[in-house]
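# Fold and geometry: a report
Okay, here's what each chain looks like letter by letter:
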Amino acid sequence: MLDQADALRTLFQENAVRSAAVPRSSRAYTVAVTSGKGGVGKTSIAVNLAVLLSRLGRRVRLVDADFGLSNAEVLLGVRPKHNLEDVARGRIDACDAWADAPGGIKLLSSGSAIPSTADSDSVTGAELVSQVLDRVPDEEVVIVDTGPGISASVVALLALADEVMVVTTPEPTSIADTYAAIKVLTSFCPKTEVTLVANCCASPGQASNIARGLEQICLRFLKRSFERHEYLPYDRDVSRAIQLQKPLAVSSPRSATVTWLRRTAIKLEDRISKRQQDGQMRQLAEVRA
Ligand SMILES: Nc1ncnc2c1ncn2[C@@H]1O[C@H](COP(=O)(O)OP(=O)(O)O)[C@@H](O)[C@H]1O
Ligand SMILES: [Mg+2]
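Predicted model only: the values in this text are computed from it and were never measured.

Looking now at the overall build of the chain. When you go through the chain residue by residue, the secondary structure sums to 11 helices and 8 strands. Expressed as a percentage of contacts within the chain between residues at least 6 apart in sequence, the contacts between residues at least 24 apart total 78%.

Following this line, the structure appears as structure tokens:
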């Protein structure tokens with residue numbers, strides 16, 4: 001009975017995701033930050049990672065694709081004049097809708113709602129983000145902050161990314177939901193690199209244990225796992241920064257979370273540079289052929 005329900009759910013989701021799939025032509029490296037469970041630190045990570053990557057000399061854009069909530073602008077303490085809703089309604093061109101935000105990044109806020117996206121029509125949100133990505137210069141990086149869960153609307157967004165960061169906390173409910181998210185990702189976006197981010201951990205060892213346990217289950221049942229894992233500590237400064245409405249990377253650059261997130265940003269920058277070099281070599285080879 002359970003198997004039958006599971007199979008039906010999978011079939012339903014397959015159909016929903018297939019109909020939500022959106023083509024992407026943008027070459028700008030795109031990182032989606034997602035999670036199985038809500039409230040695990042996605043927005044805080046997306047905002048601070050964007051700032052830290054920008055500090056490394058990269059031009060970084062942050063898209064708030066948690067439609068209807070607009071938490072990124074609250075964390076950044078900015079009030080953008082325009083948002084994705086304006087782009088969707090044709091009130092402004094996708095190139096002109098970005099707001100300057102602290103840390104040298106550009107933000108495209110989600111706005112209060114995207115027509116028919118805040119409810120159940122999944123296509124519009126991912127289509128809209130895809131249109132926005134297509135207008136971003138190739139050498140820039142886009143970080144997409146998504147809502148939680150494994151709905152077709154979220155998966156369609158993840159399918160636009162080169163890399164997905166799946167955020168978990170040590171709580172068993174979060175770990176169980178993270179497995180569900182990785183399961184969906186590996187089946188619908190098999191080419192997408194997956195980075196597990198173990199947030200709110202007591203130590204790097206706890207993060208490694210979570211990663212090891214999840215990896216074993218993923219390899220056993222999915223025959224695939226995530227590419228790497230990152231550790232972030234439990235840190236009261238994160239909540240303080242949210243109350244101050246200033247990114248932690250700006251207000252407390254020496255905090256434990258920022259120190260660890262900077263390592264994540266440096267590794268990410270390496271991957272981006274390598275991907276761009278590979279792309280240039282391929283283009284060169286095509287021209288010579
Ligand atoms: N590393 C951390 N240490 C302590 N609290 C954290 C940490 N990361 C996030 N939080 C807290 O978790 C809550 C949710 O964070 P948020 O970034 O909005 O998550 P999400 O985008 O996944 O909903 C906030 O109250 C924030 O202060
Ligand atoms: Mg959020």
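Moving on, we come to the environment of Ser273. Tracing the backbone shows Ser273 in helix α11 (residues 256-288). On the basis of neighbour counts, which here come to 13 C-beta atoms within 10 Å, the residue Ser273 falls in the partly exposed class. In sequence terms Ser273 and Glu139 are 134 residues apart; their C-alpha atoms lie 9.2 Å from each other.

Right, let's talk about helix α7 (residues 172-188) for a bit. With 17 residues, α7 should reach 24 Å at 1.5 Å per residue; the first-to-last C-alpha distance of 24 Å fits that figure. Taken together, the buried positions of α7 are occupied by Ser174, Asp177, Thr178, Ala181, Ile182, Val184, Leu185 and Phe188. An end-on view of α7 places all buried positions within 160° of arc, on one side of the element.

Ligand 1 sits among 18 residues. The nearest are Gly41, Lys42, Thr43, Ser44 and Ser239. Elements represented by at least two residues in the shell around ligand 1 include exactly α2 (42-55), β7 (193-201) and α9 (236-244).

Each regular strand shows side chains that alternate between the opposite faces of the sheet. Within strand β2 (residues 60-65), 6 of the 6 residues are buried, which leaves it mostly tucked inside the rest of the structure. The two faces of β2 match: Val60, Leu62 and Asp64 on one face and Arg61, Val63 and Ala65 on the other face are all buried. With 3 bridges connecting them, β2 and strand β4 (residues 105-108) associate as parallel partners. Paired with Arg61 across the strands is Lys106, a residue of β4.

In the contact formed by α7 and helix α8 (residues 204-222), the axes pass within 11 Å of each other and the chain directions differ by 45°. Looking at the two axes, α7 sits oblique to α8. The handedness of the crossing between α7 and α8 comes out as right-handed. In this structure, α7 uses Ile175, Thr178, Tyr179, Ile182, Lys183 and Thr186 to contact α8, whose residues at the interface are Ile210, Leu214, Ile217, Cys218 and Leu222. In terms of residue class, the contact of α7 with α8 is made up of 8 nonpolar, 2 polar and 1 charged.

Within the largest apolar cluster, 85 residues are counted, with the highest numbers of intra-cluster contacts made by Ala50, Leu62, Val129, Ile143, Val144, Leu157 and Leu158. Looking at which element gives the most residues to this core, the answer is α2, with 8 residues. Excluding residues within four positions of it along the chain, Val129 makes contact with Val63, Ala65, Val144, Leu157 and Leu160.

Turning next to unusual backbone geometry. Phi at Ser70 is positive, roughly 50°, even though this residue is not glycine. Using a count of 21 C-beta atoms within 10 Å as the deciding quantity, one classes Ser70 as buried.

A separate point is the sheet that holds strand β5 (residues 141-146). Judged by pairing direction, the sheet is mixed, and its 8 strands sit side by side in the order β3-β4-β2-β5-β1-β6-β7-β8 without closing on themselves. Looking at which strands have only one partner, the edges of the open sheet turn out to be β3 (99-101) and β8 (228-233). Each strand axis lies, on average, 25° off the axis of its neighbour in the sheet, ignoring direction. In terms of strand pairing, β3 meets β4 through 3 bridges, oriented antiparallel.

Before going further, it helps to spend a moment on α11. Over its 33 residues, α11 extends 49 Å from the first C-alpha to the last, a length consistent with the 48 Å expected when each residue adds 1.5 Å. For α11, every residue scored as buried is listed here: Thr257, Val258, Trp260, Leu261, Thr264, Ala265, Leu268 and Ile272. Residues of α11 that are buried make contact with β1 (29-34), α2, β5, β8, α9 and α10 (248-251).

It is worth spelling out the pairing of β5 at this point. Burial analysis of β5 places 6 of its 6 residues in the buried class, which makes it a mostly covered element. Side chains Val141, Ile143 and Asp145 of β5 all project onto a buried face; the interleaved residues Val142, Val144 and Thr146 project onto the opposite face, where all are buried too. When β1 meets β5, the two strands line up parallel, connected through 5 bridges. Bridge pairing in β5 places Thr30 opposite Val142. Across 6 bridges, β2 lies against β5 in parallel orientation.

What counts, and where the lines are drawn
Residues numbered from 1 in each chain as written. Chains lettered and ligands numbered in written order. Predicted model: local features only at pLDDT ≥ 70, side-chain atom pairs only at ≥ 80, totals over all residues. Helix = DSSP H or I, 4+ residues; strand = E, 2+ residues; numbered from the N terminus. Contact = placed C-beta atoms within 7 Å. Buried ≥ 20, exposed ≤ 12 C-beta atoms within 10 Å, placed from the backbone. Expected span 1.5 Å × (residues − 1). Arc of directions from axis to C-beta. Near = placed C-beta within 6 Å. Pairing = 2+ DSSP bridges. Axes fitted to C-alpha atoms, helices over the stretch in contact; angles between N-to-C directions. Parallel < 35°, antiparallel > 145°, perpendicular 65-115°, else oblique. Left-handed = near helix turned anticlockwise from the far one by under 90°. Nonpolar A, V, L, I, M, F, W, Y, C, P; charged D, E, K, R; others polar. Core = buried A, V, L, I, M, F, W, Y, C linked by C-beta atoms within 7 Å.

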